[in-house]
Amino acid sequence: MLTRDRIGALLLLAFSIFYWSRIDDIRLLPFQAEAAFTGRTAPEVLAVLGVVLSVILLLKPGSGAKVEAKGYQWGKAGLICLLMVIYGLTVRPAGFLISTSLFLAGGFFVLGERRWLVLAGVSITLVVLFWLLMTQVLSVFIAPWPEFLEG
């Protein structure tokens, strides 16, 4: 019988197997070929853990709880998914700072926050701090502004 736990376990199993199959796409530098830990190590461990845990969930006795779609806020979930798609399409043309701030503010709004000062303050502060961490501390370049503003 399909229960919530089993559906979740099946989804986790499918995702973990797909994730595991894509690990070979991670390119290694020549000197990393014989190294004990590489860029593939953590993804392999996560994929194996995902498969093992999902199989355990599938094999354990079920609770008997039936699957119900009632009671969930599907509209909000759909809006968040739409925001993610829009964010993915606009992050390069609009730049990281603008598109990510708007994405977070939109997500907060969908989830029920209505105070504009909180929406703007939290989203902009988080995005700027994250951008500073990535670019200044970790030396990962993220284009902050749209290309036409960077000259």
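Enquirer: Go over the environment of leucine 129 with me, naming the residues and quoting the values.
Expert: Along the chain, leucine 129 turns up in helix H5 (residues 116-137). Its relative accessible area of 54% is what places leucine 129 among the exposed residues. Taking the C-alpha atoms as reference points, leucine 129 and valine 52, 77 residues apart in sequence, are found 37 Å from one another.

Enquirer: If you had to explain the pattern of salt bridges to someone new, which residues and values would you point to?
Expert: This structure, assessed with the given rule, holds two salt bridges. One salt bridge connects aspartate 25 with arginine 22, and the closest N-O pair in it is separated by 2.4 Å. Look at arginine 22 and you get partly exposed, because its relative accessible area is 43%. A salt bridge links arginine 115 to glutamate 113, with the shortest nitrogen-to-oxygen separation between them at 2.8 Å.

Enquirer: Report on the packing of aromatic side chains, specifying residues and quantitative values.
Expert: In this structure the tally under the stated criterion is five aromatic pairs. With a centroid separation of 5.8 Å and an interplanar angle of 25°, the aromatic rings of phenylalanine 109 and tryptophan 116 are classed as stacked. For tryptophan 116, a relative accessible area of 63% gives the class exposed. Geometry around phenylalanine 109 places arginine 114 over its ring, the cationic atom sitting 4.0 Å from the centre.

Enquirer: Tell me about the nonpolar core, and name the residues and values.
Expert: Ranked by size, the top nonpolar core spans six residues in total: Phe96, Leu97, Val127, Trp131, Met134 and Ile142. Every element with two or more residues in this core is listed here: helix H4 (96-110) and H5. Per-element tally for this core: the top contributor is H5, with three residues. The contacts of valine 127, once residues within four sequence positions are left out, are Phe96, Leu97, Thr100, Ser101 and Leu104.

Enquirer: Give me the lowdown on the packing of helix H3 (residues 74-94) against H4, citing residues and values where you can.
Expert: Between H3 and H4, the least distance of the axes is 8 Å, while the angle of their chain directions is 170°. By the angle between their axes, H3 is roughly antiparallel relative to H4. Contacts from Lys76, Leu79, Ile80, Leu83, Met84, Tyr87, Thr90, Val91 and Ala94 in H3 reach Phe96, Ile98, Ser99, Thr100, Phe103, Gly106, Gly107 and Val110 in H4. Residues of the contact of H3 with H4, tallied by class, amount to 11 nonpolar, five polar and one charged.

Enquirer: Could you give an account of H5, with specific residues and numbers?
Expert: For H5, built from 22 residues, the straight-helix expectation of 32 Å at 1.5 Å per residue is met to within 8% by its first-to-last C-alpha distance of 30 Å. Those residues of H5 that sit buried are Leu119, Ser123, Val127, Trp131, Met134 and Thr135. With its buried residues spanning 85° around the axis, H5 presents them on a single face. Away from its buried face by more than 90 degrees, H5 exposes Leu117, Leu129, Gln136 and Val137. Structurally, H5 contributes buried residues whose contacts are with H4. Once H5 finishes, serine 139 follows within two positions and takes phi at roughly 55°, a positive value.

Reading the values: rules and limits
- Counting starts from 1 at the beginning of each chain's written sequence and moves along it residue by residue.
- For a predicted model such as this one, the threshold for reporting local features is a pLDDT of at least 70, and the threshold for listing and counting side-chain atom pairs is 80 or more; totals across whole chains, interfaces and linings nevertheless cover every residue.
- No hydrogens and no water enter the side-chain calculation; it runs on all heavy atoms of the structure.
- The secondary structure listing takes helices from DSSP runs of H or I that are at least 4 residues long and strands from runs of E that are at least 2 residues long, numbered from the N terminus.
- Each residue is placed in one exposure class: buried if its accessible area under a 1.4 Å probe, protein chains only, is under 20% of its type's maximum, exposed if it is over 50%, and partly exposed if it falls in between.
- One side-chain nitrogen of Lys or Arg within 4 Å of one carboxyl oxygen of Asp or Glu is enough to make a salt bridge.
- To pair, rings of Phe, Tyr and Trp, with the six-membered ring standing in for Trp, must have centres within 6.5 Å; the planes then decide the type, stacked if under 30 degrees apart, edge-to-face if over 60, and tilted in the middle.
- Put simply, a charge is over a ring when the Lys NZ or the Arg CZ is close to the ring centre, within 6 Å, and near the line of the ring normal, within 35 degrees.
- Nonpolar cores were defined as sets of buried Ala, Val, Leu, Ile, Met, Phe, Trp, Tyr and Cys residues, with membership established by side-chain atoms within 4.5 Å.
- Between two residues, a contact is recorded if the distance between any of their heavy atoms is within 4.5 Å.
- For helices, the fitted line uses only the C-alpha atoms of the stretch in contact; every axis is such a line through C-alpha atoms, and the angle between N-to-C directions lies from 0 to 180 degrees.
- To sort the angles, those under 35 degrees are grouped as roughly parallel, those over 145 as roughly antiparallel, those from 65 to 115 as roughly perpendicular, and the leftovers as oblique.
- By the convention adopted, Pro, Cys, Tyr, Trp, Phe, Met, Ile, Leu, Val and Ala count as nonpolar, Lys, Arg, Asp and Glu as charged, and the other residues, Gly among them, as polar.
- Each residue after the first adds 1.5 Å to the expected span of a helix.
- Of all possible arcs, the one meant is that of the directions from the helix axis to the C-beta atoms.

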